[in-house]
Each structure stands twice: as structure tokens, then as C-alpha cells.
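Residues per chain are reported as follows:
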Amino acid sequence: GQDVPGPKDSLIASHVRPQDPGETRIKGLDPHLLVHRQEGERAVLLAEPALARAHDRLQLSYVAAGAAHGVVLSIDGGGLVTLHAPDKASGSTVLQQDGAIALPRSYELDAAPGFERFILVTADEALDVARIERAARALAGSAEAASAPLALPLAWRQRSFLVRKVTP
């Protein structure tokens, strides 16, 4: 994934806190997404910016890196926002801490043009999923949808993974 542009110093300063004994945050490792493309029987890890085609099947995983809560959604080049985790706005935003956690369902790219941008929003407290979806919808369809950060509180960290769509 790639860091979303933003005032990094204030983001870092807002996350200095004593470590809990059960916390598994690894120094230098930030919460991020991993994206694999299904190729026959193999799952191939993609590097960003990845290239993909309509109907490619992608498996998303997150690495919480100590973040307690998270939401995963995507914005595509057609302006559509899709919530991936939790599976509904009222679902739990609690993240598992055991390395890379695959989301329960893979995702098939549709024929929307341009790109699919997957975004992971994390925080130390429960997240407002509906608010994150509204922020994504406000950005979707704009010229900055492939790269601009969502309009959310600075204490909510954001990472994204961009998949550029190519035509066969």
C-alpha cells in the first residue's frame, strides 16, 4: 500500500501511547492492505500500483499492526463505493491481530473504467462506518478519487492500494 498524502507529523503525534501488554504493534509497521489476484490455483501478491482487468478476482487482506479498529472499502473509476469490511455499516470494526487477515470474500473487478482504489481506515477506537462511507461517496467520481485522502478525523489513519484497470 501507499501512504495517503497528509500531515504525517500530526498523525504520528496523535498515536503516541503506552503499549498494552497484549498489543502486537511492530515498530515501523503500519496498518496496511495486501491484495492478491487469483491466477488459476495460485494467489499472486500484487505490488502497487497494480494492473488488473475486469473480472480479475482479488483477495484482500489487512495487517492491523496493532490498530484496534478498521474499515475496508473501495472506490472505482465509475464512482461506485463498496464496503468490504465489515460487511455492513452496523458490523463490528474490531480488527484481528494475527498477521495478514484475509477478508471472508474475494472481490471480482467489474468493468468500471480506470481504477479500483482499496482504502483501509484504522483507529484505536470504534469507527463510524457510515461516516467513512459518506466520505468515500463524497470523493468518488471526483478527479482526485484515485489518490486524495478521505475527509475524516486525523486520528483515523488511512492507507490505500491502487489497482489500475487495463483493457484486454
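Position labels on residues start from 1 in each chain and follow its written sequence. Restriction of local features to residues with pLDDT of at least 70 applies here, the model being predicted, together with a cutoff of 80 or more for giving and counting side-chain atom pairs; totals for whole chains, interfaces and linings are based on all residues. As a rule here, side-chain values cover all heavy atoms of the structure and leave hydrogens and water aside.

## What to know about the nonpolar core
Within the largest apolar cluster, 23 residues are counted, with the highest numbers of intra-cluster contacts made by Ile75, Val121, Ile132 and Leu150. Those elements that place two or more of their residues in this core are strand E6 (69–76), strand E7 (81–85), strand E10 (115–123) and helix H2 (129–139). The helix count covers DSSP runs of H or I at least four residues long, the strand count covers runs of E at least two residues long, and both are numbered beginning at the N terminus. Of the residues forming this core, the biggest block, five residues, is contributed by H2. Residues Ala50, Tyr62, Tyr107 and Phe161 belong to the second largest nonpolar core, which totals 21 residues. In plain words, nonpolar cores are sets of buried Ala, Val, Leu, Ile, Met, Phe, Trp, Tyr and Cys residues tied together by side-chain atoms within 4.5 Å. Residue exposure (1.4 Å probe, protein chains only): buried if accessible area is under 20% of the type maximum, exposed if over 50%, otherwise partly exposed.

## Brief notes about the packing of aromatic side chains
Only rings of Phe, Tyr and Trp enter the pairing, Trp through its six-membered ring, and a pair is recorded when the two centres are within 6.5 Å. The plane angle decides the type: under 30 degrees is stacked, over 60 is edge-to-face, the rest tilted. Overall, the coordinates contain one aromatic pair when judged by the stated rule. Summarising the aromatic geometry, the rings of tyrosine 107 and phenylalanine 118 are spaced 5.9 Å apart at their centres and angled 90° between planes, so their arrangement reads as edge-to-face. Residue tyrosine 107 is located in strand E9 (residues 107–108), and its partner phenylalanine 118 is located in strand E10; the two are separated by 11 residues in the primary sequence. For the pair formed by tyrosine 107 and phenylalanine 118, the shared burial category is buried.

## Observations concerning the pairing of strand E5 (residues 57–63)
Within E5, five of the seven residues are buried, which leaves it mostly tucked inside the rest of the structure. Alignment of strand E2 (residues 32–39) against E5, held across six bridges, turns out to be antiparallel. Each residue of the ladder has a partner; that of leucine 33, found in E5, is tyrosine 62. When DSSP locates at least two bridges between a pair of strands, those strands are taken to pair. Judged from the two bridges that link them, E5 and E9 form a sheet pairing that is antiparallel. Bridge pairing links arginine 57 to glutamate 108 in E9.

## Points about the pairing of E6
Buried residues dominate E6, accounting for eight of its eight residues. The two faces of E6 match: His69, Val71, Leu73 and Ile75 on one face and Gly70, Val72, Ser74 and Asp76 on the other face are all buried. Where E6 lies against E7, four bridges are found, and the strand directions are antiparallel. Counterpart to leucine 73 in the pairing with E7 is leucine 83.

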